[in-house]
Amino acid sequence: MKIVVQEAPFNFAAEVEDFGQGRADMGAIVTFTGVVRDNDAGDLDAMEIEHYPGMTQKALEKIASDASARWDLGDVLIIHRYGRLEPGEKIMMVATSSPHRKDAFEAADFLMDYLKSRAPFWKKEHTGGDASWVDAKDSDEDALNRW
Amino acid sequence: MDILYFAWVRERIGVPRETVTTEAKTVNDLVQELIAKEERYAAAFADISALRVALDQDLSDFDAPLDGVREVAFFPPMTGG
């Protein structure tokens, strides 16, 4: 299990390459990458991501452990950035490996649902001199009930 | 006891963290003490259904006891991913 919380960009290709190394018993690797999406008006200047340093690592480890207990996983990777990010930048990624694709897909989906509403990150949008906190959606909380 | 605030809760209260001496038995008691202190706390805690709390860096709830707790954090629902 590898959990990284950092301000700097990460190299997606290198991370995926490294993640799969040396595990010939893992037939499936699933990855997901979250990207800062511009708003509909196309005037998002930046997304600022705040986090709770003491808690973030612990919360992410718990989410990854819960996924590992539930699915047959070889490994789990979570990278999540904080700080000021511009549209198009990668915010975060997860990767899961498993002997079979179903477990890898489901576990990645589970990780994303829990990262949305159980990991202590908060997003603030900066648009043309204004800034506003992104509200959590009811649908994010509802998504947890799937599991 | 250290109290930490994040996102708009931090902005409304005006500090990211502070140390308080309290006899509060539960999180709810602590919130009431803070509200009584100053208007900025009353503004931040006006609707606690819009807030989450962590005790010693684990998510908890407002009925939870504060026995032995060293760090309380208040924040809005999280928006990670």
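Given the structure is predicted, the values throughout are model-derived calculations rather than measurements.

## Brief notes about the interface of chain A and chain B
Phase 1 of the analysis: Listed per partner, the contact involves 25 residues of chain A and 21 residues of chain B.
Phase 2 of the analysis: Surface buried jointly by chain A and chain B totals about 1900 Å² across both partners, of which 57% is contributed by carbon and sulfur atoms.
Phase 3 of the analysis: Counting the surface chain A buries against chain B, the share from its top three residues, Tyr52(A), Trp122(A) and Trp133(A), is 34%.
Phase 4 of the analysis: Linking chain A with chain B are 3 salt bridges.
Phase 5 of the analysis: One salt bridge connects Arg10(B) with Glu50(A), and the closest N-O pair in it is separated by 2.5 Å.
Phase 6 of the analysis: If you list the elements that add at least two residues to the side of chain A that touches chain B, you get β3 (44-51), α2 (53-70), β6 (90-98), α3 (101-118) and β7 (121-127) of chain A.
Phase 7 of the analysis: In terms of residues, the side of chain A that touches chain B owes the most to one element, α3(A), which gives 5 residues.
Phase 8 of the analysis: The residue makeup of the side of chain A that touches chain B, split by class, is 14 nonpolar, 4 polar and 7 charged.

## Remarks on the packing of aromatic side chains
Phase 1 of the analysis: The final tally for this structure, using the stated rule, is 12 aromatic pairs over all chains.
Phase 2 of the analysis: Ring geometry for Trp122(A) against Phe6(B): centres 5.1 Å apart, planes inclined by 15°, an arrangement best described as stacked. Here the residue Trp122(A) occupies a position in strand β7, and Phe6(B) occupies one in the loop between β1 (2-5) and α1 (7-13), the pair thus bridging two chains. As far as the burial class goes, Trp122(A) and Phe6(B) line up, both buried.
Phase 3 of the analysis: Three or more aromatic residues joined by ring pairs form one cluster here, namely Tyr52(A), Trp122(A), Phe6(B) and Phe75(B).

## Notes on the pattern of salt bridges
Residues and elements named next belong to chain A.
Phase 1 of the analysis: A complete count under the given rule lists 13 salt bridges over all chains for this structure.
Phase 2 of the analysis: Between Glu 106 and Lys 102 there is a salt bridge whose closest N-O contact spans 3.0 Å. Here Lys 102 and Glu 106 lie together in helix α3, a separation of 4 residues that amounts to about one turn.
Phase 3 of the analysis: For Glu 106, a relative accessible area of 28% gives the class partly exposed.
Phase 4 of the analysis: Bridged by salt links that share partners, the residues Asp 109, Asp 113 and Arg 146 form one connected network.

## Some thoughts on the side chain of Glu71(B)
Phase 1 of the analysis: Relative to the helices and strands, Glu71(B) resides in strand β5 (residues 71-75).
Phase 2 of the analysis: An unpaired buried charge is present at Glu71(B): no salt bridge exists, and Arg17(B), the closest side chain of opposite charge, is 4.2 Å distant.
Phase 3 of the analysis: Polar side-chain contacts of Glu71(B) include one of 3.1 Å to the side chain of Gln57(B).
Phase 4 of the analysis: Residues contacting Glu71(B), with those up to four places away along its chain left out, are Tyr52(A), Asp2(B), Leu4(B), Arg17(B), Ala54(B), Leu55(B), Asp56(B) and Gln57(B).

How each quantity is defined
Note that residues are indexed from 1 along each chain, following the sequence as it is written. By the order in which they are written, chains take letters starting at A while ligands take numbers starting at 1. The model is predicted, so local features are restricted to residues of pLDDT at least 70 and side-chain atom pairs to those at 80 or more, both for listing and for counting; the totals for chains, interfaces and linings are taken over all residues. Values shown for side chains rest on all heavy atoms present in the structure; no hydrogens or waters enter the calculation. Contacts were defined at the residue level, with two residues in contact if any of their heavy atoms lie within 4.5 Å. Once two parts are joined, some of their accessible surface, as seen by a 1.4 Å probe, is lost; buried area is that loss totalled over both. For this document, the term salt bridge refers to a Lys or Arg side-chain nitrogen within 4 Å of an Asp or Glu carboxyl oxygen. What counts as a helix is a DSSP run of H or I of at least four residues, what counts as a strand is a run of E of at least two, and both are numbered from the N terminus. Under this grouping Gly is polar, as are all residues other than the nonpolar Ala, Val, Leu, Ile, Met, Phe, Trp, Tyr, Cys and Pro and the charged Asp, Glu, Lys and Arg. For Phe, Tyr and Trp, where Trp contributes only its six-membered ring, two rings pair if their centres lie within 6.5 Å, and the inter-plane angle classes them as stacked under 30 degrees, edge-to-face over 60, or tilted in between. For every residue, the accessible area (1.4 Å probe, protein chains only) is compared with the maximum for its type, and the residue is labelled buried under 20%, exposed over 50%, or partly exposed between those bounds. This count recognises Lys and Arg as positive and Asp and Glu as negative, with His and chain-terminal groups excluded. Between N or O atoms, a polar contact is any pair within 3.5 Å; within protein, one atom must be a potential hydrogen donor and the other a potential acceptor, and residues adjacent in sequence are included only when both atoms are from side chains.

Function-wise, these values are silent; they only describe arrangement.
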